[in-house]
Amino acid sequence: MPDDIPTLSPDANCNALKTAEPYPPTWWYYDIDHYTRELDAIWLRSWLYVCRSAELAEPRMYQTIRIGDQNIVILRGYDGELRAFHNACRHRGSLLCTEQKGKLVSKLLVCPYHQWSYAADDGHLVKISSFAEPQGFNKEDYSLFPVAVGEWRGCVFINLDADAEWTLEAAFVRTPATIANYPLETMVVGHTWCREMDCNWKTFWENFSECLHCPNVHPELGELVPQFKRRVVHFKDQPGWEDHQGSGDPLYTGGLADGVETWSMDGSAQGHVIEGRSSEDIERGYSYATTLPSAFIGAYPDHVRIVRLMPMGPEKTQLVAEWLFEPETLNAPDYDPANVIDFGILVMEQDMAVCDLNQAGLHAKPMDAGVLMPEEYYIKAIHDWIRTRLDP
């Protein structure tokens, strides 16, 4: 849900679309040609969250990731720097690393097919397996294809545009400043959860960006965050919000319900809240940073959750969620991480179910496009973001 809400209404005091905004054509969500167009224009040209730096902490540690039909290997060099390459041998194209993660046995990336070997630090071709180099062949012409890498606060990002420059402005569409007081660098992954959704990647982001569905789909979440019962993501989403600002009632002012400490099954943080948060952090109760098209980071009083998306097809999207905790919290005998993990899974499974429903209904032949309601201003912002990349 948004923290930094743009004002799209002529009434500067209320966040809302003033007109019925058109939805993209329904074929954007299942047509294979359009899916390929989005891969090329968006997914292969944007900064994508991959994993936590701790998973690539030591030299020679690597991970592979598939983005559409592109396979990428990310690894830590002996100099401590992260590098990434297309996971393809320059001989005849074989995959170099066949596992999702691992550690190289030497400083070389060795093709399992014909044993061409590349330097892990910079990807240059070191040796081939043929008894001689043919005339006109130069090993310098056959280095691995590079991929841009960014490392930020213990998070690893890649961009298949090898010339892309890592900046926060380029990577994040919703500023990470709102999670500045959370110790991301030193937090550790306590649980990872992976599922596939039967929906287009945009369907997920649209659901994430509105709360019209919240009362019906997330009744448990509404008990923790009362304003979600009103179908709004921000207290300024409905006219007349000023009338309730003095009440302190979270139903109208946002934040967590009275007595609720965090997003968990019982609302308890079990006595382990993150120190150093500002009064604004505490009052807000939760904060988000978003890096389109691949991930959001949700920060809560006792934990952080990173949710990563990856398109697997026009109507198939992989979701990977990581729960991060301070080491002392995760190891505390009086703290059960399942309290927040189970709640996060509950909410995500509820979201996945309606995303699948939404996706299936888009195939109705008479339906050319949907329409956006006033509260769905953030969906319009996402659609605009996508259109600018499809038609720069």
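Preceding this paragraph is the structure being described.
Basis of the calculations
Residues numbered from 1 in each chain as written. Predicted model: local features only at pLDDT ≥ 70, side-chain atom pairs only at ≥ 80, totals over all residues. Heavy atoms only, no water. Phe/Tyr/Trp six-rings, centres within 6.5 Å; stacked < 30°, edge-to-face > 60°. Helix = DSSP H or I, 4+ residues; strand = E, 2+ residues; numbered from the N terminus. Lys NZ or Arg CZ within 6 Å of the ring centre and 35° of its normal. Buried < 20%, exposed > 50% of the residue type's maximum accessible area, 1.4 Å probe, protein only. Pairing = 2+ DSSP bridges.

Concerning the packing of aromatic side chains
Per the counting criterion, the structure on display carries 27 aromatic pairs. Each ring, one from W47 and one from W166, has its centre 5.1 Å from the other, and the planes form 90°; the classification is edge-to-face. Here W47, found in the loop between helix 1 (32–43) and strand 2 (48–52), pairs with W166, found in the loop between strand 11 (155–159) and helix 2 (168–171); they are 119 residues apart in sequence, far enough to count as distant. Cluster of aromatic residues (ring-pair linked, three or more members): F204, W205, F208, F228, W263, Y286, Y288, F296 and Y300. Positioned above the aromatic ring of Y78, the side-chain terminus of K107 is 4.5 Å from the ring centre. When the ring centre of W152 is taken as origin, the NZ or CZ atom of R153, which lies over that ring, is 5.8 Å away.

Re unusual backbone geometry
For residues that are not glycine, phi is negative in most cases, and the peptide bond is trans in most cases. A cis amide bond, omega 5°, links L292 with the succeeding residue P293. Mapping P293 onto the fold places it in the loop between strand 13 (287–291) and strand 14 (295–300). One non-glycine residue, Q270, lies in positive phi territory at about 55°. Assignment of secondary structure puts Q270 in the loop between helix 6 (250–253) and helix 7 (279–284).

Brief notes about the pairing of strand 15 (residues 303–313)
Burial within strand 15 is extensive, with 10 of its 11 residues counted as buried. The sheet contact formed by strand 14 and strand 15 spans 6 bridges and is antiparallel. When the bridges of strand 15 are listed, I297 appears paired with I306. Counting the residues that bridge the hairpin from strand 14 to strand 15 gives 2 residues. Summarising the sheet, strand 15 and strand 16 (residues 316–325) pair through 9 bridges and their orientation is antiparallel.

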